[in-house]
Every structure is written in C-alpha cells, then in structure tokens.
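# Tertiary structure, described
Residue strings, one per chain:
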Amino acid sequence: MDLRIFTEPQQGASYDTLLTVAKATEDLGFDAFFRSDHYLRMGGGTGLPGPTDAWITLAGLARETKRIRLGTLMTAATFRLPGVLAIQVAQVDQMSGGRVELGLGAGWFEEEHKAYGIPFPKEKFARLEEQLAIVTGLWATEVGKTFDFHGTFYELSESPALPKPAQKKVPVLIGGHGATRTPRLAARYADEFNIPFASLEDSERQFGRVRAAAQEAGRAADDLTYSNALVACVGRDDQEVARRAAVIGREVEELKANGLAGSPAEVVDKIGRYAGIGSQRIYLQILDLDDLDHLELISSEVQSQLS
C-alpha cells in the first residue's frame, strides 16, 4: 500500500508552506506529494495568502525535490486548453526528471470560475474526454510527425506535438463517483483510477465498475492502479486526535466514519480494510499544513506498519 500526501492549498497556503510539506513528504519516506487544482477557498475563513497555481507550484517543487512523485488531484479541464496543458505537464516532467503524474477532471466548482473570470461550460464531461484524447495523443505522437484532432470543442492541425515528457508515458489519473461515463473514460485513458472520500462499500462498487469497463474495452482490469483519497487525522491518544480535528473544523466521530482518523492502530486497521476491497494506494488529505508532527507520526507509526 503506497501512502501519498495530498494537500488543498486553496484553503490557505503559500508556496513556501507547500515546499516545506513537500520536503517533509520526501524526507519521511512517503511516495508522492499531490495537490488540488483550485483557485477559491471552500467553506469559511479568509483563504490567505490566496491561491497558488497547481502547475507553477509543481514546477518549483520539481527542482526542489529528488525522489517523490508529483501530481494533481485533479487538474480542472476548464482551467487550461489541452494543448497548453500538454506542454506544461511535459515541461514539469522534464524539470523533475520524470516524476510527474497528471490527474485530470472535468471541473465542478462554479464559484471559483466566477471569481476569476474562467468560463464554466455546460458540456464539461464531453470537453474532458476531448482533452484526454488530445493530451495523450500529443505525447504519443512520434518526434518528426504531427498530430491532428477534429472534435466538437477543440481543433488541432499539424501540431508538432512537442515537447515530450521525460517519461515514456506520464501516468494519467481519472477519478470520481459516476456510474457509467467515468468508468468508461478511465478504461480508455487512465493508468490509475481514484475515488475521493468514499466509503468501503462505495469504493468497492466503483472499483468493480471500472474493472468491468476495462475488460469491456479490451484491457486487463489489473492494468489500472486503484486508489482512494481520504482525510487523515491521526493522534497518539484521544486528546491529540481531538486537537487535530478541532484545528481543521471537523468532529472526531465524523472523521472516523468518513476518513482515516484515530490512533495509528485504528488507521492501519482501516487502511487494511481498504486494501481488502482492492485499493492499492491512499492519498492522505492533510488539511493542517503547519502540523509537520502529524506527518512524522503517520510515517513512523502508520506507514512503517504497512511496508
């Protein structure tokens, strides 16, 4: 079971804070540092110092880290043209020496689009499908050849399809709860399927849909990696768990029901139950980015038992 650190910088984090967490992620032996791709805080609070751009952040971290994988859960297809996104991700992959992964989703948070003047189209899922075809098609085009695409929303003509990523294939993550279109899209384009903030029962059901869709598409179901994203709130005792829950504005019992909360032993047990239904990787949503002791505790008393 891989453990990855997943941050939500739109809630209020500077680049320096993210760099500190990414370096701790690497030093403490976690597999990867991922971040959301949002421009507006959700819920209460000020959101200070303001949003950071996902791919600009990852470009900086690419030069400041050496081992960990870097990626997004999920880049919003509404934020970037697919050709531009393919260039950005390929460049960051080169800057990292081949450590980048692209999580790409349709985009859903209308308020952030209104706040920063970003168009919020009605046909989001169909646009996402074309974006996936374009981004992966550009990367797969042989050097010296050109790429063309004629879709409903995007047109590319005689693209040189450059630059290329450092990796032969940048892993693509697709995720969500959709029962039909999402599994079909994952079966066609994804290297990893991620379900965010889902129960064991819902995760098992959705993994089954994706596995079935992969087989229908002519892929082996095990070609994909299956993962969960879950909020983490771990403490050495009840008081420490309660303190961490209070800092992020959540109730302990709710966190235990819907995430990975409690003592290290409780969290290891619950991760084991996710592994039992086919989850191979957990993205630990860390909401208090100033609490590096939290990461150290998870590394020393949770991750160590899983490895």
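Placed above this text is the structure.
The following refers to the structure shown. (Residues numbered from 1 in each chain as written. Predicted model: local features only at pLDDT ≥ 70, side-chain atom pairs only at ≥ 80, totals over all residues. Heavy atoms only, no water.)

### Focus on the overall build of the chain
Of regular secondary structure, the chain possesses 11 helices and 12 strands. Buried positions account for 54% of the 307 residues belonging to the chain. Taking all contacts inside the chain whose residues are at least 6 apart in sequence as the whole, residues at least 24 apart take part in 72%. When the accessible area of the chain is evaluated, it comes to approximately 13,500 Å², of which 50% is carbon and sulfur surface. Treating the 33 positive side-chain charges of the chain as one cloud and the 43 negative ones as another, the clouds have centres 4 Å apart. (Helix = DSSP H or I, 4+ residues; strand = E, 2+ residues; numbered from the N terminus. Buried < 20%, exposed > 50% of the residue type's maximum accessible area, 1.4 Å probe, protein only. Contact = heavy atoms within 4.5 Å. Areas by Shrake-Rupley, 256 points an atom, 1.4 Å probe, with all protein chains shown as cover. Lys, Arg positive; Asp, Glu negative; His and termini not counted. Charge placed at Lys NZ, Arg CZ, Asp CG, Glu CD.)

### Thoughts on the pairing of strand β8 (residues 172–175)
Of the pairings in the sheet, the one linking strand β5 (residues 100–105) to β8 comprises 2 bridges and is parallel in character. Paired with Leu102 across the bridge in β8 is Val172. Looking at chain direction, β8 and strand β9 (residues 192–196) are connected through 3 bridges and run parallel. Counterpart to Ile174 in the pairing with β9 is Phe193. (Pairing = 2+ DSSP bridges.)

### Concerning the pattern of salt bridges
Note that side chains of opposite charge can pair when their charged atoms are close. In total, this model carries 26 salt bridges according to the counting rule given. Residue Asp291 pairs with Arg244 through a salt bridge whose shortest N-O separation is 2.5 Å. Of the two residues, Asp291 sits in the loop between β12 (281–286) and α11 (292–306) while Arg244 sits in helix α8 (residues 238–247), which places them 47 residues apart along the sequence. You can call Asp291 buried: its relative accessible area is 12%. (Salt bridge = Lys/Arg side-chain N within 4 Å of Asp/Glu carboxyl O.)

### As for the packing of aromatic side chains
The description of two aromatic rings rests on the distance between their centres and on the angle between their planes. Following the criterion strictly, the structure yields 6 aromatic pairs and no others. An angle of 70° between the planes, with centres 5.0 Å apart, marks the rings of Phe34 and Tyr283 as edge-to-face. With Phe34 in strand β2 (residues 32–35) and Tyr283 in strand β12, this pair connects stretches of sequence that are 249 residues apart. With respect to burial, Phe34 and Tyr283 carry one shared label: buried. Taken together, the ring pairs in this structure connect Tyr39, Phe79 and Tyr116 into an aromatic cluster. Looking at Arg181, its charged tip hangs above the ring of Phe125, at a distance of 4.2 Å from the centre. (Phe/Tyr/Trp six-rings, centres within 6.5 Å; stacked < 30°, edge-to-face > 60°. Lys NZ or Arg CZ within 6 Å of the ring centre and 35° of its normal.)

### A short note on the pairing of β2
Every second residue of β2 is oriented toward a common face, with Ala32 and Phe34 on one face and Phe33 and Arg35 on the other, all of them buried. Where strand β1 (residues 2–7) lies against β2, 4 bridges are found, and the strand directions are parallel. Considered in β2, the bridge of Phe6 is made with Phe34. For the crossover that starts at β1, traverses helix α1 (residues 15–27) and ends in the parallel β2, the hand is right-handed. Pairing between β2 and strand β3 (residues 69–72): 4 bridges, direction parallel. Among the inter-strand pairings, Phe33 is bridged to a residue of β3, identified as Leu70. At this point the chain moves from β2, through helix α2 (residues 54–64), to the parallel β3, and the crossover so formed is right-handed. (Right-handed = clockwise from strand over helix to strand, strands pointing away.)

### Looking at the nonpolar core
Trp55, Trp139, Leu284 and Ile298 are the most contacted members of the largest nonpolar core, which totals 77 residues. With 8 residues, helix α5 (residues 124–140) is the single largest residue contributor to this core. Residues in contact with Ile298, not counting those within four places in the same chain, are Leu3, Phe30, Ala232, Val234, Leu284, Ile286 and Gln303. Within the second largest apolar cluster, 8 residues are counted, among which are Val231, Val241, Val252 and Leu255. (Core = buried A, V, L, I, M, F, W, Y, C linked by side-chain atoms within 4.5 Å.)

### Some words on the packing of helix α6 (residues 181–189) against helix α7 (residues 200–216)
It is the contact of α6 with α7, at a shortest axis distance of 8 Å, that shows an interaxial angle of 50°. Our classification of the angle between α6 and α7 gives oblique. The crossing of α6 and α7 is right-handed. Contacts between α6 and α7 involve Thr182, Pro183, Arg184, Ala186 and Ala187 from the former and Gln206, Arg209, Val210, Ala213 and Ala214 from the latter. (Axes fitted to C-alpha atoms, helices over the stretch in contact; angles between N-to-C directions. Parallel < 35°, antiparallel > 145°, perpendicular 65-115°, else oblique. Left-handed = near helix turned anticlockwise from the far one by under 90°.)

### Regarding α7
An α-helix turns once per 3.6 residues; consequently, residues spaced three or four apart project the same way. Along its 17 residues, α7 runs 24 Å from first to last C-alpha, staying within 8% of the 24 Å computed at 1.5 Å per residue. Tucked into the core, α7 has its buried residues touching α6, β9, β10 (225–234) and α10 (264–276). Among the residues trailing α7, Gly218 stands out with phi positive, at a value near 85°. (Expected span 1.5 Å × (residues − 1).)

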